[in-house]
Amino acid sequence: MGDAEERFYSQLEEEGESFFLDYVLPQQRKSYLCSAECCHSPKDPMTSRLCAAQCRRLVDTLRKFYIEELRDLAGRCEKCAQRCEGVVDEAKANPMTYHRTSFRKCSEFCALDFLNLVPKTMQSLRKTARRRLEDSSQNI
C-alpha cells in the first residue's frame, strides 16, 4: 500500500471515529436511557419491546448511515485502484508507455483523489446527521 493509500484509510478511520463520538455515541446514551424508561414500568412485554425498539431507531439509523457512507467511499477508491490494473495491462502492449504507467502510480492517484473527498463526505455526513437529529427532536 502506498503513502497516499495509507493516508486515505487513516483519515477515513479518524473521521469515522470522530463522527461516531460526536453523533452516534451521544444518541446511543439517550437510547439506553430511553430504553430503561420503557422497562421501568412495563405494562406488558410487547409494549416494552416496541418502546425500546423506538428508542433505538435513531441511533441505529445514524450508525447504519455513517457505516454505509464510509464503506461506499472506501469501495469507490478500491474500484478506482482495480481499474488501474486494466490501464497497466493496456500499457504493457506498448513498451514505450509502460514505464510511465505503473499500477502504483495509478493507485496512488486514486488514493489522492479520494483523500480529497474525505472532508467533503464527512461534512455532508455531519449535515445529514444534524438534520436527522433535528427532525427526530421535532417528532417527540
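Residues numbered from 1 in each chain as written. Predicted model: local features only at pLDDT ≥ 70, side-chain atom pairs only at ≥ 80, totals over all residues. Heavy atoms only, no water.

On average, residues of the protein carry a pLDDT of 85, and 85% of them reach 70 or more. Mean pLDDT per element in the protein: helix α3 (residues 95-98) is the minimum at 58, and helix α1 (residues 3-40) is the maximum at 91. (pLDDT = per-residue confidence, 0-100. Helix = DSSP H or I, 4+ residues; strand = E, 2+ residues; numbered from the N terminus.)

Positionally, Ser48 belongs in helix α2 (residues 45-92). One polar contact links the side chain of Ser48 to the main-chain carbonyl oxygen of Cys38, over a distance of 3.5 Å. (Polar contact = N/O pair within 3.5 Å; in protein donor to acceptor, adjacent residues only side chain to side chain.)

For the rest of this paragraph, the subject is the environment of Ala52. Note on placement: Ala52 falls in helix α2. For Ala52 and Tyr32, which are 20 residues apart along the polypeptide, the C-alpha to C-alpha distance reads 8.4 Å. Apart from the residues lying within four places of it in its own chain, the contact partners of Ala52 are Ser35 and Cys38. (Contact = heavy atoms within 4.5 Å.)

Scanning the entire structure with this criterion turns up 4 aromatic pairs. Geometrically, the ring pair formed by Phe8 and Tyr9 is edge-to-face, given 4.9 Å between the ring centres and 75° between the ring planes. On the accessibility criterion, Phe8 (0% relative accessible area) is buried. The partly exposed category is assigned to Tyr9, whose relative accessible area is 26%. Consider the rings of Phe19 and Tyr66, whose centres lie 5.3 Å apart with planes at 35°: the pair is tilted. With Phe19 in helix α1 and Tyr66 in helix α2, this residue pair connects regions lying 47 residues apart in the sequence. Each member of the aromatic cluster is reached from another via a ring pair, and the members are Phe19, Phe20, Tyr23 and Tyr66. One residue, Arg132, lies across the ring of Phe65, its end atom 4.4 Å from the ring centre. (Phe/Tyr/Trp six-rings, centres within 6.5 Å; stacked < 30°, edge-to-face > 60°. Buried < 20%, exposed > 50% of the residue type's maximum accessible area, 1.4 Å probe, protein only. Lys NZ or Arg CZ within 6 Å of the ring centre and 35° of its normal.)

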